[in-house]
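Chain by chain, the residues:
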Amino acid sequence: MILITLLLCAAQNTFEIPGTSRWDGMGMSTFILDDLNGDGVAEMGGAAFCTDYNGANSGSVYVYDGATATQIRRHDGAMRSSRLGRFATSIDDINGDGVRDYAAGAPLESTFADAAGAVYVWSGATGQRLAWISGDVANGKLGTAIASIDDLDGDGTPDLLVGAPGERSGDGRIYAFSGATGLEIDHYNGRSSNGGFGTSLDAVGDVNGDGIEDFAGGEPFAHSNKGDVHIISGSNFHRIRTISGANLNAWFGYRVACIGDADGDGKIDMLIGEPCKDTVHLYNISGSRLRKHEGPGAQSGGPKQGWGHSIASAGDLDEDGYDDYVLGAPGEWAGFNFVNPGAATKIFSGWNGSLLLSVPPTGADDGFGSSLCVGIATPSNGKQVLLIGAPAAGNLSNHQATGLVFGVVLP
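Residues numbered from 1 in each chain as written. Predicted model: local features only at pLDDT ≥ 70, side-chain atom pairs only at ≥ 80, totals over all residues. Heavy atoms only, no water.

Q: Looking at this structure, how should I read the pairing of strand E29 (residues 383-390)?
A: When a strand is regular, its side chains alternate between the sheet's two faces. Burial within E29 is extensive, with seven of its eight residues counted as buried. Counted between consecutive antiparallel strands, the loop separating strand E28 (residues 371-378) from E29 contains four residues, among which Gly382 sits at a positive phi close to 75 degrees. For E29 and strand E30 (residues 404-409), the ladder comprises six bridges, and the chain directions are antiparallel. Paired with Leu387 across the two strands is Gly407, which belongs to E30. (Buried < 20%, exposed > 50% of the residue type's maximum accessible area, 1.4 Å probe, protein only. Helix = DSSP H or I, 4+ residues; strand = E, 2+ residues; numbered from the N terminus. Pairing = 2+ DSSP bridges.)

Q: Even after reading the chapter, I still don't get empty space enclosed by the protein, so can you show me in this structure?
A: With a probe scaled to a water molecule rolled over the atoms, the places where space remains empty come into view. Summed over all chains, the structure comprises two cavities of 30 Å³ or more. When its volume is computed, the largest cavity comes out at roughly 50 Å³. Contributing to the lining of the largest cavity are Ile94, Val121, Ala131, Ile133, Leu160, Phe177, Ser178, Gly179 and Gly182. Here the residues of the lining of the largest cavity sort into six nonpolar, three polar and no charged. Taken together, Ala329, Pro330, Gly342, Ala343, Pro361, Gly363, Ala364, Gly367 and Phe368 make up the lining of the second largest cavity. Within the lining of the second largest cavity, the residues separate by chemical class into six nonpolar, three polar and no charged. (1 Å grid on protein atoms, 1.4 Å probe; cavity = no way out; pocket = protein on both sides within 12 Å on 5 of 7 lines; lining within 4 Å. Points joined across faces, edges and corners; volume = space filled by probe spheres on them. Nonpolar A, V, L, I, M, F, W, Y, C, P; charged D, E, K, R; others polar.)

Q: Help me out: how do you make sense of the environment of Leu248 in this one?
A: Tracing the backbone through its elements, the reader meets Leu248 in the loop between strand E17 (239-244) and strand E18 (255-260). You can call Leu248 exposed: its relative accessible area is 55%. Residues Leu248 and Asn225, 23 residues apart in the sequence, show an inter-C-alpha distance of 5.8 Å.

Q: How do you make sense of the sheet that holds strand E1 (residues 14-18) when you look at a structure like this?
A: Adjacent strands of a sheet pair through backbone hydrogen bonds, lying either parallel or antiparallel. Judged by pairing direction, the sheet is antiparallel, and its four strands sit side by side in the order E1-E30-E29-E28 without closing on themselves. Unpaired on one side and paired on the other, E1 and E28 mark the two borders of the sheet. In this sheet, neighbouring strand axes are inclined to one another by 25 degrees on average, regardless of whether the strands run parallel or antiparallel. Two strands pair when backbone bridges link them, and E28 and E29 are joined in this way by seven bridges, in the antiparallel orientation. Along E29, the bridge assignment pairs Thr378 with Lys383. (Axes fitted to C-alpha atoms, helices over the stretch in contact; angles between N-to-C directions.)

Q: How should the sheet that holds strand E8 (residues 118-122) be read in this particular structure?
A: Taking strand neighbours across the sheet as the criterion, the four strands line up as E6-E7-E8-E9 in an open arrangement whose pairing is antiparallel. What marks the edges here is a single partner per strand, and that holds for strand E6 (87-91) and strand E9 (129-134). Neighbour-to-neighbour, the strand axes of this sheet turn through a mean angle of 15 degrees, independent of strand direction. Pairing between E6 and strand E7 (residues 101-105): five bridges, direction antiparallel. Residue pairing across strands places Ala88 opposite Ala104, the latter belonging to E7.

Q: Honestly, the layout of surface pockets in this entry has me stumped. Any pointers?
A: Reported here for the second largest pocket is a volume of approximately 150 Å³. In this structure, the second largest pocket is lined by 13 residues; those nearest its centre are Phe15, Val41, Gly66, Ala377 and Val409. Taken together, the residues of the lining of the second largest pocket sort by class into ten nonpolar, three polar and no charged.

Structure, rendered in structure tokens:
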């Protein structure tokens with residue numbers, strides 16, 4: 001019955017937040033905050049990484065009222081080609097006011113070196129900038145991926161993981177920065193030449209039992225683009241284990257996402273995207289694969305639908321005691337050029353992999369599902385919302401696409 005309920009909900013309780021200018025890429029990132037104005041509905045965020053307010057492709061991050069979908073605030077990239085909002089996310093409360101904060105990367109910002117990148121952190125409550133962390137390595141692309149992690153340095157404040165896949169001549173690096181000061185705590189270097197370590201990352205709980213949260217980082221271009229995912233200790237930044245891809249030119253690890261406990265063993269499980277194989281894998285944290293989901297491109301000659309480009313936790317949506325997950329299929333793209341149509345965004349049961357929810361795309365060439373986020377929409381009753389980014393929505397053929405954030409209110 002839960003599947004029927006969710007499918008009906010998807011058809012009846014939806015909304016859209018469109019971009020505001022031609023080819024601004026609205027929906028490249030989506031996130032959910034707390035209830036900031038006391039109306040009982042959590043606020044939402046979306047990023048349009050190609051807006052031009054401070055020069056072409058400077059990018060913007062927006063916060064919207066959760067009840068009305070009207071804009072509350074906007075943050076713009078500092079300079080031309082910064083691409084602020086290429087990745088944006090809510091993070092744990094770092095300024096101690098009891099409200100979740102949010103962060104975004106500007107991976108091509110060039111303050112100290114060309115395309116060195118930068119990360120911005122803002123107060124969820126006020127929108128005040130709390131931190132700015134700038135890269136200083138040319139083409140380092142700091143801010144390509146960002147995630148919260150529990151307190152690593154013992155100061156009582158959650159910290160921040162940031163990927164810089166272009167540093168070290170493309171080998172890549174993941175940094176941990178203090179949430180309290182913005183200073184570097186430590187870092188871990190990629191292990192493969194031009195592997196792009198730090199293209200993806202996420203915190204994964206305490207894997208080695210030392211009381212400190214650990215993290216995973218994707219290295220999708222390692223070993224002739226087979227790809228690796230490394231599990232790293234948050235206490236000493238040593239490698240705990242590596243999960244390796246098996247297919248040439250498949251980009252295993254292009255996306256990683258912790259989803260909670262899907263198999264009931266009491267430990268966190270992890271999604272790993274392999275987009276050039278049109279595949280998403282579910283692994284437990286010990287490195288054993290639980291299952292995989294394949295698009296038609298997983299078969300020789302099949303058209304790629306973009307499986308593996310966007311993955312996220314959905315929490316325990318069907319209330320069976322196991323955490324579920326959401327997968328996007330935004331289509332196949334060569335840069336900004338559309339190649340193959342995408343498909344529905346789908347939520348699957350963590351326990352058995354069955355389909356719980358399917359949301360059809362707004363358009364075959366909209367990039368629907370490029371970003372995904374599930375979070376609490378109404379704190380008073382626990383009702384959740386699924387946000388789906390479609391950064392190419394609009395008239396793509398005439399270069400009039402503005403993008404949008406598509407929302408589904410879940411029961």
